[in-house]
Amino acid sequence: MLLVKAGDVERMGLLFERHHRALFAFLFHLTQRREASEDMVQTVFYRMLKYRNSFAEGSNFSGWMYHIARNVLKDQKFGSDGKYDPISAHEERISGGALADEELEKTQSHQQLYKAMELLSSDDREILILNRMKELKYSEISMIMGITEGAARIRVFRAVEELKKIFIKKGIKSGNE
Amino acid sequence: MKCEDYKQWLPDWHMGRLGNAEKEELEQHLNSCDICREALAATALVLDNISGLPDPTPSAQMAVNFRGMLDDFKAAEKQPAATNDFWSRLKRSWASQPRFPLAYCLMILLIFDCMVYWFSRNSEQEKEVQELHAQVHELKQTMMLAMLDNPLASERLKAVNYTGEMKRVDHNVIVALLATLNNDPNDNVRLSTLEALARLANNPEVRTGLIQSITKQDSPIIQLAIADVMLKLQVKGSISAFKQLLKQKGLDENVRDKVKETITKLI
């Protein structure tokens, strides 16, 4: 990224190759909308190019990328009403992108999990999705969320606890069969 | 440490985010604590569920779009690059100037100058206005004096009435008014002059002039009017003048009665 910042814009292609899948997954898990997520990946990379001068030397690229992604997500928030709209997301899932994805089709439990996660606050949802990516360290997660490392650990714990409660309420026992 | 504290480590343990020391400590605790083991199972269920979400593969179109965006961006970047350099240099050179302190200094100076100018102009103006007032006053006086010599009675009346508008009346005017009171051939002019002088009765010169003029009047109307004025102003010095008036032959009967009454009232 430092090379990009120095003017070698072409290097962004490499970073795209390396990171776009994880970023896409991050956005998809939070929105369950394929097209919107692809558009947002595009937006995130465009912003990184445009504001490449704000990338601080020595900081982590993934952290920076997800930080921008969160902002993009916040800006979009689906529709003019500024709220995340699970119904339209669900419609898209049924009518379009999701059906084409065989992996998603095969199980209902994923839908169940998404629905359960929609009951969490957006911060909790985001931190859980970040947490599932093993390549992200706590230091990076905390930077993405704009909080301290200790606070990030506690927030992960709290989010898991919240989700546990929701699982019990909904009677979800096991997701992966 | 209590179970509550260990529970906070469970998600991290499951995701392999714990340090070695913490990991060992937690594992030891788990061996001895059923409650925490149960909690771990629930935590693991949640986390495995989330981890088990299949990562979707983005469409090929996305990469194509990205290439297009990158190429566009490079093209857009190249064009302003040349001017960019020039502009940024200009900006930097401008930024290096101490322009804000300078601007503030200039502003303060300007305001100060304005104030000084304004104040000085104000006092100058006031002086000028005062001078102008004095000049107008003088002009009025000379005009009035000139008008008193006018052969037309109406003009002389106007002149006498002017004195009512004057704020200050000096010696010249009083002398002129007294002369008018004593010598003017027209009764009406003399009557208005008497009114004008009565208004100026605070002046001792006016009082003595009025007393002296009592005997000089021959018109019964003026004599009556003077008696009224003297009574109103309570001028005791006028008694002897009135007594002299009584001695005059051919004095109007009404005037005689009025003067007698005035003398008794003044005493």
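Anything mentioned here points back to the structure above.
For the structure given in this document, a descriptive report is provided here.

Cut-offs and rules
- Residues numbered from 1 in each chain as written.
- Chains lettered and ligands numbered in written order.
- Predicted model: local features only at pLDDT ≥ 70, side-chain atom pairs only at ≥ 80, totals over all residues.
- Helix = DSSP H or I, 4+ residues; strand = E, 2+ residues; numbered from the N terminus.
- Buried ≥ 20, exposed ≤ 12 C-beta atoms within 10 Å, placed from the backbone.
- Contact = placed C-beta atoms within 7 Å.
- Nonpolar A, V, L, I, M, F, W, Y, C, P; charged D, E, K, R; others polar.
- Core = buried A, V, L, I, M, F, W, Y, C linked by C-beta atoms within 7 Å.
- Expected span 1.5 Å × (residues − 1).
- Arc of directions from axis to C-beta.
- Axes fitted to C-alpha atoms, helices over the stretch in contact; angles between N-to-C directions.
- Parallel < 35°, antiparallel > 145°, perpendicular 65-115°, else oblique.
- Left-handed = near helix turned anticlockwise from the far one by under 90°.

### Points about the overall build of chain B
Regarding its fold elements, chain B presents 13 helices and zero strands. Counting from the amino terminus, chain B carries its helices and strands in the arrangement α-α-α-α-α-α-α-α-α-α-α-α-α. Sorting the 267 residues of chain B into buried and exposed places 20% on the buried side. Taking all contacts inside chain B whose residues are at least 6 apart in sequence as the whole, residues at least 24 apart take part in 62%.

### What about the overall build of chain A?
In terms of regular secondary structure, chain A is built from eleven helices and zero strands. Reading chain A from its N terminus to its C terminus gives the helix and strand order α-α-α-α-α-α-α-α-α-α-α. By residue count, 34% of the 177 residues in chain A fall in the buried class. Looking at chain A alone, contacts between residues at least 24 apart form 63% of all its contacts between residues at least 6 apart.

### Re unusual backbone geometry
Residue and element names in this part refer to chain A. A positive phi is found at Q32, a non-glycine position, where the angle reads about 55°. Relative to the helices and strands, Q32 is located in the loop between α2 (12-31) and α3 (34-50). In this structure Q32 comes out as buried when scored by C-beta crowding, with 24 C-beta atoms within 10 Å.

### Section: the interface of chain B and chain A
A common way to express how large an interface is: the accessible area buried when the components associate. Every contact between the two is made by 29 residues of chain B and, on the other side, 37 residues of chain A. Secondary structure elements with two or more residues in the side of chain B that touches chain A: α2 (10-14), α4 (34-51) and α5 (60-95) of chain B. At nine residues, α4(B) tops the list of elements feeding residues into the side of chain B that touches chain A. Broken down by class, the residue content of the side of chain B that touches chain A amounts to 16 nonpolar, seven polar and six charged.

### A short note on the nonpolar core
In terms of nonpolar packing, the biggest core is built from 45 residues, with L23(A), F26(A), L27(A), V41(A), V44(A), M65(A) and A69(A) touching the most fellow members. The element that contributes the greatest number of residues to this core is α2(A), accounting for nine residues. Apart from the residues lying within four places of it in its own chain, the contact partners of L27(A) are S37(A), M40(A), V41(A), A69(A) and L73(A). By size, the runner-up hydrophobic cluster in this structure holds 24 residues, among which are A159(B), V169(B), A176(B) and A196(B).

### Looking at helix α7 (residues 153-165) of chain B
Residues and elements named next belong to chain B. Under the 1.5 Å per step criterion, the end-to-end length of α7 is 19 Å for 13 residues, consistent within 8% with the ideal 18 Å. Within the span of α7, buried status applies to R156, A159, V160 and T163. Angular distribution of buried residues about the axis of α7 spans 95°; they occupy a single face of the element. Looking at α7, the residues exposed on the side facing more than 90 degrees away from the buried face are S154, G164 and E165.

### Examining the packing of helix α8 (residues 171-183) of chain B against helix α10 (residues 204-214) of chain B
All names here are of chain B. The contact between α8 and α10 brings their axes to 10 Å, and the two run at 15°. Classed by the angle they form, the pair α8 and α10 counts as roughly parallel. α8 and α10 meet at a crossing whose hand is right-handed. Counted together, I174, L178, L181 and N182 of α8 and E205, V206, G209 and S213 of α10 form the full contact between these two elements. Here the residues of the contact of α8 with α10 are counted per class, giving four nonpolar, three polar and one charged.

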